[in-house]
Amino acid sequence: MTITKSGPILTQEEIDTFWRDGYLLIRGVLTKKEAKHFASLILDLLPRDLSIPDHWKAFDGRFKPFYTIGNQTFDGPEFIPLYQNERLYHVMAQLLQHSQLLVRDGSVAITMRNDTPHESDLSQDLHIDPAVPEDVDDFLFTPEEVEIGGCYYFTDVEPGGGGIHVVPGGHRIVEEEAGAVPRGRQLHDKWRNIPHLKSVEVTGQAGDFVLTHHLMPHAASHNRRPEARVVQFFRYSRDDQPWGSSDRPGDRSADRYYNDLQTAAMTSLGRKLLGVDSW
Ligand SMILES: O=C(O)CCC(=O)C(=O)O
Ligand SMILES: [Fe+2]
């Protein structure tokens, strides 16, 4: 690899922690100033009169802007630097033990304070969003299949502040349960609702990235604090990931898909991660 400016980032202990727990907070991937910049870009999507567009989603104080109708991927030129962040790329390459990666997702969310009393801290069912399509009956559980995703925190997320919930070690529970039966991908309503596991909130600061294994059960939570939580999600996979993905721009003829403003914002690493250039 000649593309990269810096080498390994994670210590062996951090690598072991990620594979044991299935999640890991990477501190300071962005500076505070950068995080504030992206928080503002996303908060500026909210219409001034707070009329929430029909094609957005809004549940329990959690707003999911859509870039265009049916499309949650914010990949305009202003967001391209996040897709191709070198530090995050190195972390992903280290964990996946593969330097030729692809990136996808780019959806964003804003969680505002919500005082409605609820029995659960969660505003969503615990679920997984695996790289394996829903109509596939069985996970492969191979290294090639693993996708690592997660989100940037662009704001400080203190306890009760709507942090993402995860189940420590939950990716291994999913693997055990799904691997033990035929059609394991189909358990628990295709793993859209996993009621029997207990989750914890991941707190963090503006500029941190919460890494999650693709088999990690997770859910959004209520924000009981004044500050809105502003995040953007990304997923990285190996370029030999067996399932592909329809929402991965690289699956189309990329230089037709990206316009000149988008490609102008891409580094040579970004062009490969986004599928404009082949690895
Ligand atoms: O916003 C969060 O903390 C998690 C959201 C999530 O997992 C989802 O929308 O699939
Ligand atoms: Fe999810």
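Worth saying up front: this structure is predicted, and the values here are computed from it rather than measured.

## Re the site of ligand 1
Surrounding ligand 1, one finds Arg62, Gln124, His127, Asp129, Ile164, His218, Ala220, Arg229 and Phe233. Separating an oxygen atom of ligand 1 from a side-chain N or O atom of Arg62 is a distance of 2.8 Å. A distance of 3.0 Å separates an oxygen atom of ligand 1 from a polar atom in the side chain of Gln124. When ligand 1 is considered free in solution it has 290 Å² of accessible area, and contact with the protein chains removes 88% of it. Here the shell around ligand 1 is built from residues that sort into 3 nonpolar, 3 polar and 3 charged.

## Considering the pairing of strand β5 (residues 147-153)
Counted residue by residue, β5 has 7 buried out of 7 residues, so it is predominantly covered. With 7 bridges joining them, β5 and strand β10 (residues 229-238) adopt antiparallel strand pairing. When the bridges of β10 are listed, Cys151 appears paired with Phe233. In terms of strand pairing, β5 meets strand β8 (residues 209-213) through 5 bridges, oriented antiparallel. In the sheet register, Gly150 faces β8, and the bridge partner there is Leu211.

## Quick notes on the side chain of Gln241
Here Gln241 shows up in the loop between β10 and α7 (254-257). There is a polar contact of 3.5 Å between the side chain of Gln241 and the backbone oxygen of Glu145. A polar contact is formed between the side chain of Gln241 and the backbone nitrogen of Trp243, at a distance of 2.9 Å. What Gln241 contacts, discounting residues up to four positions off in sequence, is Ala131, Glu144 and Glu145.

## Focus on the sheet that holds strand β9 (residues 218-219)
Strand pairing in a sheet relies on backbone hydrogen bonds, with the paired strands running either antiparallel or parallel. The sheet built from 3 strands is open, its strands ordered β7-β6-β9 with antiparallel pairing. Each end of this open sheet is capped by a strand with a single partner; those strands are β7 (200-201) and β9.

Rules behind the numbers
- Residues numbered from 1 in each chain as written.
- Chains lettered and ligands numbered in written order.
- Predicted model: local features only at pLDDT ≥ 70, side-chain atom pairs only at ≥ 80, totals over all residues.
- Heavy atoms only, no water.
- Near = heavy atom within 4 Å.
- Polar contact = N/O pair within 3.5 Å; in protein donor to acceptor, adjacent residues only side chain to side chain.
- Areas by Shrake-Rupley, 256 points an atom, 1.4 Å probe, with all protein chains shown as cover.
- Nonpolar A, V, L, I, M, F, W, Y, C, P; charged D, E, K, R; others polar.
- Buried < 20%, exposed > 50% of the residue type's maximum accessible area, 1.4 Å probe, protein only.
- Helix = DSSP H or I, 4+ residues; strand = E, 2+ residues; numbered from the N terminus.
- Pairing = 2+ DSSP bridges.
- Contact = heavy atoms within 4.5 Å.

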